[in-house]
Amino acid sequence: MDKLTIIATAAMGLESIVAEEVRRLGYECTVENGKITFAADELAICRSNLWLRTADRIKLKMGEFRATTFEELFEQTKALPWADYIPVHAEFPVIGKSVKSQLFSVSDCQAIVKKAVVESLKQHYRVSWFEETGPLYRIEVALHKDIATLTIDTSGAGLHKRGYRVAQGEAPLKETLAAALIQLTNWTPDRPFVDPFCGSGTIPIEAALIGQNIAPGFNRDFVSEQWDWIGERHWERAREEAEDLAKYDQPLDISGFDIDHRMVRVAKDNALEAGLGDIIAFKQMQVKDFTTNKLYGVILGNPPYGERLGERKQVEEMYKEMGQTFAKLDTWSIYMLTAHKQFETYYGKPATKRRKLFNGFIETQYYQYWGPRPPKER
């Protein structure tokens, strides 16, 4: 098969991190808003799904063209080589979105694309009806400024669903964002790592996966595992590679604390499900009670934002206490994600660097306080 065009989709603000991960897998890529595009083979679909910690989905790009009328959309969609990928018995629903385009009715665009794909497959397979009882090939038509991009989703459930979350709290951090936050720190696996607001344990678990180089998709299934043209051997090869590259014997010093004993229990259960129960230490504790004699550690947290009425003063007081507690840790680096605009004021210190990120639809700042580098002899 010729080179495929693959798109890794990314949340706003995480594109450069996803692109770096794609390059680490050995693929050259281009970066646009919300997507990273690269040319590769079938094996790359398997490897990308298994390894990309911060991407949302992996999609196969079928084509891209200008379409301002339904006729243009139909004819150009029909001309694409759908039968190269979609077998006669496949299920192929169509989803869509349209932004700043003349073809603004998403439901109409979906119907046109579905009809065009059916006509294309009819000509190839010489049948008049498709049962759609086989493997799933979910097609998306995305219109942006009159340019239609047609893709097939290779992931199934979003890549943030690692398969270890048995339970969660009220506002869980997405696993993909947690992995991005860790990769934006100066942490290395030989340094202590602490999350003082661990909730259901997402950040410590993602840190342990990174620290032991475990592929985040290793314990889950992907929709494209059922696709004959990729084949079992590619998936087996990708999973064997992931197993070979994992460093299960890498010692780690990772802790998670939370004020709520119920969340500590949930975090422990999730870590156990991830196979990391013995590696991460979880404990009930308030942030102001944290003390340590360890040096050159990293603290990363997603504290309460104080957005609910009545919570704000309490949260601001907690930020003050946090600042006073962490001020004693002069070799440590501190990283906090919050939507509170005056975080630095209450924390008592301006950040070394700030980065705008979105936690779901909430605009947040990632406050980074860089500590000194550990001496080389360590």
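As a reminder, the structure under discussion sits directly above these lines.
Here is a short report on the structure shown in this document. In this text, all values refer to a predicted model and were calculated from it rather than measured experimentally.

A short note on the overall build of the protein
Phase 1 of the analysis: When helices and strands are counted, the protein shows ten helices and 14 strands.
Phase 2 of the analysis: By the compact-globule yardstick of 21 Å for 378 residues, the protein fits well, its C-alpha radius of gyration being 23 Å.
Phase 3 of the analysis: Taken across its 378 residues, the protein has 53% of its residues classed as buried.
Phase 4 of the analysis: Put simply, the protein has 49 plus and 53 minus side-chain charges, and the middle of one group is 6 Å from the middle of the other.

Remarks on helix H1 (residues 15–24)
Phase 1 of the analysis: Within H1 the residues assigned to the buried category are Glu15, Ile17, Val18, Ala19, Glu21 and Val22.
Phase 2 of the analysis: Buried-residue contacts for H1 involve strand E1 (4–9), strand E2 (30–32), strand E3 (35–40), helix H2 (42–51), helix H5 (175–183) and strand E13 (353–359).
Phase 3 of the analysis: Gly26 lies just past H1 and shows a positive phi near 100°.

Quick look at the side chain of Glu140
Phase 1 of the analysis: If you trace the backbone, Glu140 turns up in strand E6 (residues 138–144).
Phase 2 of the analysis: Residue Glu140 is classed as buried on the basis of its relative accessible area, which comes to 12%.
Phase 3 of the analysis: In this structure the side chain of Glu140 is engaged in a polar contact, spanning 2.7 Å, whose partner is the side chain of Lys59.
Phase 4 of the analysis: Ignoring sequence-local partners within four residues, the contact set of Glu140 consists of Lys59, Ile95, Gly96, Lys97, Thr149, Leu150 and Thr151.

Remarks on empty space enclosed by the protein
Phase 1 of the analysis: By the definition in use, this model includes one cavity of 30 Å³ or more.
Phase 2 of the analysis: The space that makes up the largest cavity amounts to roughly 30 Å³.
Phase 3 of the analysis: Lining the largest cavity are Asn49, Leu52, Leu159, Arg162, Pro216, Gly217, Arg220 and Phe222.
Phase 4 of the analysis: When its residues are assigned to classes, the lining of the largest cavity shows four nonpolar, two polar and two charged.

Re the sheet that holds strand E10 (residues 280–284)
Phase 1 of the analysis: Strands sit in the order E10-E9-E8-E11-E12-E14-E13 across an open sheet of seven strands; the sheet is mixed. The open sheet has two edge strands, E10 and E13, and neither has a second partner. Neighbour-to-neighbour, the strand axes of the sheet open up by a mean angle of 20°, direction not taken into account.

Structural notes on the pairing of E6
Both faces of the sheet carry side chains from a regular strand, because those side chains alternate between them.
Phase 1 of the analysis: Counting buried positions along E6 gives five out of seven residues, so the element sits mostly inside the fold.
Phase 2 of the analysis: Relative to E6, strand E5 (residues 94–99) is paired through six bridges, and the arrangement is parallel. Pairing of Lys97 across the sheet is with Ala142, part of E6.
Phase 3 of the analysis: Between the parallel pair E5 and E6, the chain is carried across by helix H4 (residues 106–125), and the sense of this crossover is left-handed.
Phase 4 of the analysis: Sheet analysis places E6 next to strand E7 (residues 147–153), joined by seven bridges and oriented antiparallel. Across the sheet, Leu143 pairs through a bridge with Ala148, a residue of E7.

Regarding a negative patch on the surface
Phase 1 of the analysis: There is a patch of like negative charges on the surface, built from Glu232, Glu236, Glu240, Glu243 and Asp244.
Phase 2 of the analysis: Assignment of secondary structure puts Asp244 in helix H7 (residues 232–245).

Looking at the packing of aromatic side chains
Phase 1 of the analysis: Within the structure shown, the criterion is met by 14 aromatic pairs.
Phase 2 of the analysis: A centroid spacing of 5.7 Å and a plane angle of 45° characterise the contact between Phe257 and Phe290, whose relative ring orientation is tilted. In this pair, Phe257 is assigned in strand E9 (residues 254–258) and Phe290 in the loop between E10 and strand E11 (298–301), connecting sequence segments 33 residues apart.
Phase 3 of the analysis: Considering the side-chain rings of Tyr347 and Tyr369, the 4.7 Å spacing of their centres and the 35° angle between planes classify their relative orientation as tilted. Here Tyr369 lies in strand E14 (residues 362–369) and Tyr347 lies in helix H10 (residues 343–347), a separation of 22 residues in the sequence.
Phase 4 of the analysis: Its relative accessible area of 8% is what places Tyr347 among the buried residues.
Phase 5 of the analysis: Judged by its relative accessible area of 4%, Tyr369 is buried.
Phase 6 of the analysis: Grouping aromatic residues by their ring pairs yields a cluster made of Tyr319, Phe343, Tyr347, Tyr367 and Tyr369.
Phase 7 of the analysis: A cation over an aromatic ring shows up here: Lys114 above the ring of Phe92, its NZ or CZ 3.8 Å from the ring centre.

Let's talk about the nonpolar core
Phase 1 of the analysis: If you look at the biggest cluster of nonpolar residues, it comprises 62 residues, and the most contacted ones within it are Leu73, Trp82, Ile86 and Ile152.
Phase 2 of the analysis: Top contributing element to this core by residue count: H4, with seven residues.
Phase 3 of the analysis: Once residues lying within four places of it in the same chain are set aside, the contact partners of Ile86 are Phe92, Val117, Leu121, Tyr125, Tyr137, Ile139 and Ile152.
Phase 4 of the analysis: Ala180, Leu300, Ala339 and Leu357 belong to the second largest nonpolar core, which has 37 residues in total.

Considerations on the pattern of salt bridges
Phase 1 of the analysis: Evaluation of the coordinates by the stated rule reveals 17 salt bridges.
Phase 2 of the analysis: Put simply, Lys61 and Glu64 hold a salt bridge, and the shortest N to O gap is 3.6 Å.
Phase 3 of the analysis: Classification of Lys61 by relative accessible area gives partly exposed; the value is 23%.
Phase 4 of the analysis: A salt bridge links Glu316 to Arg312, with the nearest nitrogen and oxygen atoms 3.4 Å apart. Residue Glu316 and its partner Arg312 are located together in helix H9 (residues 312–326), separated by four residues, close to a single helical turn.
Phase 5 of the analysis: Classification of Glu316 as buried rests on a relative accessible area of 10%.
Phase 6 of the analysis: Three or more residues are tied together by salt bridges with common partners; here these are Lys35, Lys61 and Glu64.

Rules and cut-offs
Residues numbered from 1 in each chain as written. Predicted model: local features only at pLDDT ≥ 70, side-chain atom pairs only at ≥ 80, totals over all residues. Heavy atoms only, no water. Helix = DSSP H or I, 4+ residues; strand = E, 2+ residues; numbered from the N terminus. Rg over C-alpha atoms; globule rule 2.2 N^0.38 Å. Buried < 20%, exposed > 50% of the residue type's maximum accessible area, 1.4 Å probe, protein only. Lys, Arg positive; Asp, Glu negative; His and termini not counted. Charge placed at Lys NZ, Arg CZ, Asp CG, Glu CD. Contact = heavy atoms within 4.5 Å. Polar contact = N/O pair within 3.5 Å; in protein donor to acceptor, adjacent residues only side chain to side chain. 1 Å grid on protein atoms, 1.4 Å probe; cavity = no way out; pocket = protein on both sides within 12 Å on 5 of 7 lines; lining within 4 Å. Points joined across faces, edges and corners; volume = space filled by probe spheres on them. Nonpolar A, V, L, I, M, F, W, Y, C, P; charged D, E, K, R; others polar. Pairing = 2+ DSSP bridges. Axes fitted to C-alpha atoms, helices over the stretch in contact; angles between N-to-C directions. Right-handed = clockwise from strand over helix to strand, strands pointing away. Patch = residues over 30% accessible without salt bridge, like charges linked within 9 Å, V, L, I, M, F, W, Y side chains within 5 Å. Areas by Shrake-Rupley, 256 points an atom, 1.4 Å probe, with all protein chains shown as cover. Salt bridge = Lys/Arg side-chain N within 4 Å of Asp/Glu carboxyl O. Phe/Tyr/Trp six-rings, centres within 6.5 Å; stacked < 30°, edge-to-face > 60°. Lys NZ or Arg CZ within 6 Å of the ring centre and 35° of its normal. Core = buried A, V, L, I, M, F, W, Y, C linked by side-chain atoms within 4.5 Å.

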